[in-house]
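# Structural features, examined
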Amino acid sequence: MSTPLMEARGLQLRFGRVAALDDVAIDIHPGEVVAIVGESGSGKTTLLRVLSGLMRPDAGAVTYRGQDVLAMPEAARRRLMRTEWGFVHQNPRDGLRLGVTAGGNIGERLMAVGARHYGNIRAEATEWLKRVEIDPARMDDIPGKFSGGMQQRLQIARVLVTRPRLVFMDEPTGGLDVSVQARLLDLIRALVADLGLAVLIVTHDIAAARLLAHRILVMRQGQVVEEGLTDRVLDDPQHAYTQLLVSSVLAA
Amino acid sequence: MGNWALRAENLSKDFRLHLQGGVRIPVLADVSLTVEPGECVALAGPSGAGKSTLMRCLYGNYGAGAGRILIRHGDAVVDLATADPRLVRAIRRDTLGYVSQFLRVIPRIGAVDIVAEPLMARGVARDAATARARDLLLRLNLPERLHNLPPATFSGGEQQRINLARGFAADYPVLLLDEPTASLDAANRQVVIGLIEEAKARGAALIGIFHDTEVRDRIADRLFDVAPIQDAA
């Protein structure tokens, strides 16, 4: 079948006596949505940060399209983050520039990959505001005036405008009201399918993982305790921890 | 022999409940079942015998404990029990369909898009996929004014008809049907019988659970007994 976009093997990282990553391996293929689920402190966000080069592991290897991510100079990693990768933070304030207009937040990413024509950038920003269901009339407002859900949608537009191949998402619906979460999840689902993105999403929301992910990894105490096809892991969980996780969800 | 569409060999399945002290519940033992193209096999057996578990194993939704589930996928024969998740997704897109009893609704997605989605996943253009979806929904007597609405608030029977339209939209070579007529009235049961007969005529292999004996007698070519495990032992 296809070769993986990203591959990691034997990842180890300790914080003092705590193993945040304990011999973790993961593959992500083009167009594949992979969810990492697990409780707080299971190591899932650490894994995301290591894979995206934000944090160095004590041991292990990470490759992206054949390139060694850990050996990559910082400038090359930053270039990847501007072009082929995207990172959606849990708190949109970490992914947006709050003093810059909504249109500017989107246009800035385009300019970072070489776009120069003002009219084209503005047209593309308008298009992306519509795609994330923000009224283009808000183009010149600063994101500080937006609701939390709007800020998160703006962050997603900013990340996706450069058509990355691989997007890392850290609890993208984490801080939002339930009614806002559903809209955002549906939006992410549609955009990911339309653009054929590979996504690695960290979440503790099992329903979100079921909706979005093709494959699931369950983490506990720094280890991947179970992985596989999303519906098989959730409907026929094998590991005691996965059984606990799945049975703890209240059906609405 | 040799022309089968799906062949389960010595399939076993038990559930280990870690939260209940690790108790092990055996459900399927040594089940072997072969289905030919154009054939409809009805699973028979008392409630709790494991018919739905067998269906879920055949779809790859439950992992197989032991045995093989061979399926003809394009020009290849694949063991669904050991296939990589990406291959299982490809099999479900192109070869293997499943109509469950209940529709899993997604916020904000309209009925017609739910039905069209399996076709669009295969690369069918939106217009063509949507047209096919509307035809099927109308055939199943779901009025046009409901087509664009998300079915969360629809009745059980309406949701089941959307599920059926979705299952029959993509002409799968192998189709699993779990109680497809459970909440339907007589008129819609006849529509489903028609859809199943057409699927058989184009060479689809079907496996179904039908508590409705009238429907079963009309469309099943043979019964396959799923015996509770203590009787089989």
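What counts as what
Residues numbered from 1 in each chain as written. Chains lettered and ligands numbered in written order. Predicted model: local features only at pLDDT ≥ 70, side-chain atom pairs only at ≥ 80, totals over all residues. Heavy atoms only, no water. Helix = DSSP H or I, 4+ residues; strand = E, 2+ residues; numbered from the N terminus. Expected span 1.5 Å × (residues − 1). Buried < 20%, exposed > 50% of the residue type's maximum accessible area, 1.4 Å probe, protein only. Arc of directions from axis to C-beta. Contact = heavy atoms within 4.5 Å. Phe/Tyr/Trp six-rings, centres within 6.5 Å; stacked < 30°, edge-to-face > 60°. Axes fitted to C-alpha atoms, helices over the stretch in contact; angles between N-to-C directions. Parallel < 35°, antiparallel > 145°, perpendicular 65-115°, else oblique. Left-handed = near helix turned anticlockwise from the far one by under 90°. Nonpolar A, V, L, I, M, F, W, Y, C, P; charged D, E, K, R; others polar. Pairing = 2+ DSSP bridges. Right-handed = clockwise from strand over helix to strand, strands pointing away. Polar contact = N/O pair within 3.5 Å; in protein donor to acceptor, adjacent residues only side chain to side chain. Buried area = accessible area lost by both parts, 1.4 Å probe. Salt bridge = Lys/Arg side-chain N within 4 Å of Asp/Glu carboxyl O. Core = buried A, V, L, I, M, F, W, Y, C linked by side-chain atoms within 4.5 Å. Domains from an automatic or database assignment.

Below, the discussion takes up helix α4 (residues 126-139) of chain B. Residues and elements named next belong to chain B. For α4, built from 14 residues, the straight-helix expectation of 20 Å at 1.5 Å per residue is met to within 8% by its first-to-last C-alpha distance of 20 Å. Of all the residues in α4, the buried ones are Ala-129, Thr-130, Ala-133, Leu-136 and Leu-137. Within α4, the buried residues cover an arc of 125 degrees as seen down the axis, which keeps them to one side. Opposite its buried face, α4 presents the exposed residues Asp-127 and Asp-135, each directed more than 90 degrees away. On its buried side, α4 packs onto α3 (111-121), α5 (156-169) and α6 (186-201). One or two steps after α4, the chain reaches Asn-141, where phi turns positive at roughly 60 degrees.

So, on to the packing of aromatic side chains. All names here are of chain A. As enumerated under the stated definition, the model contains 5 aromatic pairs over all chains in all. Aromatic side chains Tyr-64 and Trp-85 sit 5.3 Å apart centroid to centroid with 90 degrees between the ring planes, which places their arrangement in the edge-to-face category. A residue pair is termed long-range when its members are at least 10 positions apart, and Tyr-64 in strand β4 (residues 59-64) and Trp-85 in strand β6 (residues 85-88) qualify at 21 residues. Of the two residues, Tyr-64 and Trp-85, both sit in the buried class. Among the aromatic residues, those joined into a ring-pair cluster are Tyr-64, Trp-85, Phe-87 and Phe-168.

Glancing now at the packing of helix α6 (residues 148-160) of chain A against helix α7 (residues 178-195) of chain A. All names here are of chain A. The geometry of α6 relative to α7 is characterised by a closest axis approach of 10 Å and an angle of 10 degrees between their N-to-C directions. With respect to their mutual orientation, α6 and α7 come out roughly parallel. Of the two possible hands of crossing, α6 and α7 adopt the one that is right-handed. Residues Gly-149, Gln-152, Arg-153, Ile-156 and Leu-160 of α6 pack against Val-180, Arg-183, Leu-184, Leu-187, Ile-188, Leu-191 and Leu-195 of α7. When its residues are assigned to classes, the contact of α6 with α7 shows 8 nonpolar, 2 polar and 2 charged.

Residues and elements named next belong to chain B. Within strand β7 (residues 174-178), 5 of the 5 residues are buried, which leaves it mostly tucked inside the rest of the structure. Burial along β7 is two-sided: Val-174, Leu-176 and Asp-178 and Leu-175 and Leu-177, pointing in opposite directions, are all buried. Bridge count for strand β6 (residues 96-99) against β7 is 4 bridges, and the pairing is parallel. Paired with Val-99 across the strands is Leu-177, a residue of β7. Of the pairings in the sheet, the one linking β7 to strand β8 (residues 205-209) comprises 5 bridges and is parallel in character. Within the sheet, the bridge partner assigned to Leu-177 lies in β8 and is Gly-208. Taken together, β7, α6 and β8 constitute a β-α-β crossover, and its handedness is right-handed.

Here we come to the side chain of His-147 of chain B. Residues and elements named next belong to chain B. With respect to the helices and strands, His-147 occurs in the loop between α4 and α5. The buried category is assigned to His-147, whose relative accessible area is 0%. In terms of polar contacts, His-147 uses its side chain to reach the side chain of Arg-134, at 3.4 Å. Dropping the residues within four chain positions of it, His-147 is found in contact with Gly-110, Ala-111, Val-112, Arg-134, Leu-137, Leu-138 and Leu-142.

Now for the interface of chain A and chain B. Counting residues at the interface gives 26 residues for chain A, matched by 24 residues for chain B. Taken together, the two surfaces of chain A and chain B that pack against each other cover about 2,100 Å², and 50% of this comes from carbon and sulfur. Along the contact surface separating chain A from chain B lie 5 salt bridges. One salt bridge connects Asp-236 of chain A with Lys-13 of chain B, and the closest N-O pair in it is separated by 2.6 Å. Across the chain A-chain B interface, the total number found is 14 residue pairs in polar contact (both at pLDDT 80 or more). Counting only elements with at least two residues in the side of chain A that touches chain B, the list comes to α7, α8 (206-212), β10 (223-229), α9 (230-235) and α10 (240-247) of chain A. Among the elements that take part in the side of chain A that touches chain B, α7 of chain A stands out by supplying 5 residues, more than any other. Across the side of chain A that touches chain B, the residue classes tally to 7 nonpolar, 8 polar and 11 charged.

Time to look at the nonpolar core. Grouped burial of nonpolar side chains is what soluble globular proteins tend to show. Counting residues in hydrophobic clusters, the biggest one holds 46 residues, and the most contacted among them are Ile-106, Trp-128, Leu-154, Leu-160, Val-167, Val-199 and Ile-216 of chain A. Built from parts of two domains, this core gets at least three residues from each of domain 1 (6-84 + 164-247) and domain 2 (100-162) of chain A. Excluding residues within four positions of it along the chain, Ile-106 of chain A makes contact with Ala-125, Trp-128, Leu-129, Leu-154, Ala-157, Arg-158 and Val-161 of chain A. By size, the runner-up hydrophobic cluster in this structure holds 41 residues, among which are Ala-129, Leu-146, Leu-177 and Phe-210 of chain B.

Position of Lys-13 of chain B relative to the elements: it lies in strand β1 (residues 6-17). Among residues more than four places away in sequence, those in contact with Lys-13 of chain B are Asp-236 and Gln-238 of chain A together with Ile-25, Pro-26, Val-27, Leu-28, Thr-53, Cys-57, Tyr-62, Gly-63 and Gly-65 of chain B.

Okay, the pattern of salt bridges next. Throughout the structure, instances matching the rule amount to 33 salt bridges over all chains. As a salt-bridge pair, Arg-183 of chain A and Glu-133 of chain A come within 2.8 Å of each other at their nearest N and O atoms. Residue Arg-183 of chain A is located in helix α7, and its partner Glu-133 of chain A is located in the loop between α5 (118-131) and α6; the two are separated by 50 residues in the primary sequence. A salt bridge links Arg-222 of chain B to Glu-39 of chain B, with the shortest nitrogen-to-oxygen separation between them at 2.7 Å.

Moving on to the domain arrangement of chain A. Residues and elements named next belong to chain A. Assigned domains of chain A: these are domain 1 (6-84 + 164-247) and domain 2 (100-162). Centre-to-centre separation of domain 1 and domain 2, based on C-alpha positions: 26 Å. Taken together, the contact between domain 1 and domain 2 spans 16 residues of the former and 15 residues of the latter. Buried surface at the junction of domain 1 and domain 2, summed over both partners, amounts to about 1,400 Å²; 66% is from carbon and sulfur atoms. The interface formed by domain 1 and domain 2 contains 1 salt bridge. Connecting domain 1 to domain 2 are 3 residue pairs in polar contact (both at pLDDT 80 or more).

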